[in-house]
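# Topology and contacts: notes
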Amino acid sequence: MTSSPATSLRRRRQVVIIGSGFGGLFAAQRLKKADVDVTLIAKTTHHLFQPMLYQVATGIIAEGEIAPATRVVLRKQKNTRVLLGEVFDIDLKTQVVRSQLLERVTETAYDDLIIAAGADQSYFGNDHFAEYAPGMKTIDHALELRGRILGAFEQAELSDDPAEQQKLLTFVVIGAGPTGVELAGQIAEMSEKTLKGAFRNIDPTDAKVILLDASPAVLPPFGPKLGEKAKRRLESLGVDVQLGAMVTDLDYDGLTVKEKDGSTRRIESQCKVWSAGVQASSLGKVLADQSDTRLDRAGRVQVGPDLTIPGHPNVFVVGDMMAVDGVPGVAQGAIQGGRYAADAILAEMRKGQTPDQRKPFSYFDKGSMATVSRFSAVMQVPIPGTSKKFETEGYIAWLGWLALHLVYLVGFRNRLNTIINWFFAFNSRGRTQLAVTEQQVYARSALTELSYLERLRLAEAAKAEEGGQQANDAG
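Rules used throughout
Residues numbered from 1 in each chain as written. Predicted model: local features only at pLDDT ≥ 70, side-chain atom pairs only at ≥ 80, totals over all residues. Heavy atoms only, no water. Helix = DSSP H or I, 4+ residues; strand = E, 2+ residues; numbered from the N terminus. Buried < 20%, exposed > 50% of the residue type's maximum accessible area, 1.4 Å probe, protein only. Contact = heavy atoms within 4.5 Å. Areas by Shrake-Rupley, 256 points an atom, 1.4 Å probe, with all protein chains shown as cover. Lys, Arg positive; Asp, Glu negative; His and termini not counted. Charge placed at Lys NZ, Arg CZ, Asp CG, Glu CD. Patch = residues over 30% accessible without salt bridge, like charges linked within 9 Å, V, L, I, M, F, W, Y side chains within 5 Å. Salt bridge = Lys/Arg side-chain N within 4 Å of Asp/Glu carboxyl O. UniProt positions renumbered as here; feature names shortened; annotations may be inferred. Polar contact = N/O pair within 3.5 Å; in protein donor to acceptor, adjacent residues only side chain to side chain. Phe/Tyr/Trp six-rings, centres within 6.5 Å; stacked < 30°, edge-to-face > 60°.

This part takes up the overall build of the chain. Tallying secondary structure elements over the chain gives 12 helices and 22 strands in all. Principal-axis analysis of the C-alpha atoms places the extent of the chain at approximately 80 × 70 × 45 Å. By the burial criterion, 48% of the 475 residues in the chain qualify as buried. The long-range fraction of contacts in the chain, counting pairs at least 24 apart against all pairs at least 6 apart in sequence, stands at 65%. As displayed, the chain has an accessible area near 23300 Å², and 53% of this comes from carbon and sulfur atoms. Charged side chains in the chain number 55 positive and 55 negative. The centres of these two groups are separated by 10 Å.

Below, the structure is given as structure tokens:
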């Protein structure tokens, strides 16, 4: 076990941030000029712009354009160091964070802790679904999905069986939220435009894209008006939108769907993607086991008005991990939460503000957007001073989506490369990122097999040790 320098150098206040997403990164940047030592611990080497993952999965942009290296982003911030490792324990009593990278365990002490560990895909208790329907939460997910989509076309090209071709060319997206809508629209456009004419044995335009959701509406947070417009736009692209349909089982060749009337049916499909739910980081349970912290059904931490947990005014929970009424699990919620936590630390240092003097966190809703296809999006923006919202869809909303997402991309070069890729993708059939590798497609299966073999080895070792102990006792 190793210890971070934070455990021995206590000359300045130690602020530890867990997570390199929007909440963690913006909190770290807010502390750039503060008289503190900041340690950011993350299980990936990059800051991921998650709202654009679907564009990586469908070959529009490269993964590097939405996932710059965190330590490069923060390299000019001299009071900040970045540690790679997955945090598995937080000791609230001793104020120590424990993280692990391979076999190396690192302990990092803190005076203030900002937890922005985000959320993972939720399969609602059916974790085995992940093998057959990857989520859309990481770069690995997006690259695997790109391989599965393009691989399905390649397999169909090799087949002379119409039934098999139909199964291979049926793409099912589970979940009609923003990610599901965006992904379904792009798969439809890819098959209709980008891949058209590229095969000889199949016609890619025959591909069938199905968007499934157990709810009765598309894009429920946007309201019925925009949801219905998004649904009609998807249908005009050829997407088969099936609502009130709950997935009850998944396997390699397809899925079972339960209708509202209780009947079930089978959909044959090899390529499936899951975007139906999220589950907050397991660190929430670590906090709950040591304090009076309570979790909601999604594992999010029910924080106080100042985003801290009960009895620990120096431990902030922000982003997708926090459960705050009226704050959706979107980038803006994480950004504002991270900045709030950093400002609270600065106010205590510079103004002597005590925790009970903190102003409650107030979320400023800047609106919501979701793309449906090229030149088409939906947008909902609150009207200041009223309870009403301005709603629009189509080309203007699409331009607004492009502009907003460019603003939050990190780095001028990434913005420039993205604009160039968008220009070609949206004004022609071309997509520049259609390369796939076997590792991208099969890595999940290989890792699962390795994990199984390791568990089997450990079980056999434990059994052998138990047998040896019983022999000794008998002797």
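Resuming the write-up.
Bringing a positive patch on the surface into the picture now. A surface patch of positive charge is lined by Lys 32, Lys 33, Arg 75 and Lys 76. Within the secondary structure, Lys 76 is located in the loop between α3 (70-73) and β4 (80-84).

On the surface, Phe 412, Leu 416, Ile 420, Phe 423 and Phe 424 cluster together to form a nonpolar patch covering roughly 530 Å² of accessible area. Following the sequence through the fold, Phe 424 ends up in helix α11 (residues 412-427).

Let us look at the UniProt feature "transmembrane region" (unreviewed entry) in the chain. Here the UniProt-annotated "transmembrane region" (unreviewed entry) positions come out as residues 395-412. A helix fraction of 83% and a strand fraction of 0% characterise residues 395-412, whose end C-alpha atoms lie 25 Å from each other.

Before going further, it helps to spend a moment on the side chain of Ser 191. Structurally, Ser 191 can be placed in helix α6 (residues 178-194). Taking the relative accessible area as the measure of exposure, Ser 191 reaches 4% and is therefore buried. Polar side-chain contacts of Ser 191 include one of 2.9 Å to the backbone oxygen of Ala 188. Excluding residues that lie within four positions of it along the chain, Ser 191 makes contacts with Phe 153, Lys 196, Pro 204, Thr 205 and Ala 207.

Enumeration over the complete set of coordinates arrives at 16 aromatic pairs. Measuring from centroid to centroid gives 5.2 Å for Trp 398 and Phe 426, while their planes differ by 75°, and the two rings are edge-to-face. Of this pair, Trp 398 sits in helix α10 (residues 395-408) while Phe 426 sits in helix α11, and the two are 28 residues apart along the sequence. When sorted by exposure, Trp 398 lands in the same class as Phe 426, which is buried. Grouping aromatic residues by their ring pairs yields a cluster made of Tyr 54, Phe 375, Tyr 395, Trp 398, Trp 401, Trp 422 and Phe 426.

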